[in-house]
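Architecture and fold: a report
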Amino acid sequence: MGIPTVFVRLTGCPLRCVYCDTAYAFSGGELMGLENILDRVASWNCRHVTVTGGEPLAQPECLDLLKALCDRDFEVSLETGGAMPVEEVDPRVCIVMDLKTPGSRESHRNRYENLQHLRATDQVKFVICDRKDYEWSAWQVRKFGLAERIDDVLFSPSHEELDPAQLAQWILDDRLPVRMQIQLHKVLWNSEPGR
């Protein structure tokens, strides 16, 4: 967060999280070939690239795109909802994987087997809607030893649903070894779609 980054947003998602802020990515968009995407990304003259969605891994060509971006020496991250397998993702890519909380109404779709494929440099993210989500997420962190295995375990308040200060206080009170993050683009651009 806070590093200038080009976002490549792929269309489609098998999940329907209640707090989704990118429902516009469920359909539509602009059909582009791999070389066109690479050229468009390069035109921004920015080193960091995030491939996101929807759910990018729902697109069959996503793995090829990730590899091609890495081959062009971009610092690449992949934002995935955690419901699709990650084991084929290029090891040069930083995987940012959600574990869907009960408040998302999609927690039954979590592929916990994905956790075994994550490296210390990857990230696990929890979007927290309420105290119940917080307690569930803290339990997942302990159950899977995430703070010992992953450098960045991220807790993010669901925008306009949970006060960030409240989440921060819970983390401090419990001395939970996680990093809190907010959706910076929503603070800067007032939730404007596509930013």
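This text follows the structure it describes.
Scope of this entry: the structure provided in the associated data block. (Residues numbered from 1 in each chain as written. Predicted model: local features only at pLDDT ≥ 70, side-chain atom pairs only at ≥ 80, totals over all residues. Heavy atoms only, no water.)

Concerning the overall build of the protein
Scanning the protein for helices and strands turns up 6 helices and 7 strands. In sequence order, the protein lays out its α and β elements as β-α-β-α-β-β-β-α-α-β-α-β-α. The buried share among the 195 residues of the protein stands at 45%. If you take every contact in the protein between residues at least 6 apart in sequence, the share linking residues at least 24 apart comes to 67%. (Helix = DSSP H or I, 4+ residues; strand = E, 2+ residues; numbered from the N terminus. Buried < 20%, exposed > 50% of the residue type's maximum accessible area, 1.4 Å probe, protein only. Contact = heavy atoms within 4.5 Å.)

Structural notes on the pairing of strand β5 (residues 123–128)
Across the 6 residues of β5, 6 count as buried, placing the element largely inside the fold. The alternating pattern of β5 places Gln123, Lys125 and Val127 on one face and Val124, Phe126 and Ile128 on the opposite face, and all of these are buried. Two elements, strand β4 (residues 94–98) and β5, share 3 bridges in a ladder whose sense is parallel. Note on β5: the bridge partner recorded for aspartate 98 is lysine 125. (Pairing = 2+ DSSP bridges.)

Thoughts on the environment of isoleucine 128
Residue placement: isoleucine 128 occurs in strand β5. By relative accessible area, isoleucine 128 is classed as buried at 0%. Spatially, the C-alpha atom of isoleucine 128 lies 6.9 Å from that of threonine 101, the residues being 27 residues apart in sequence. Discounting chain neighbours no more than four positions away, the residues touching isoleucine 128 are Asp133, Tyr134, Ser137, Phe155, Ser156, Pro157, Ser158, Leu162 and Leu167.

By themselves these figures say nothing about function.
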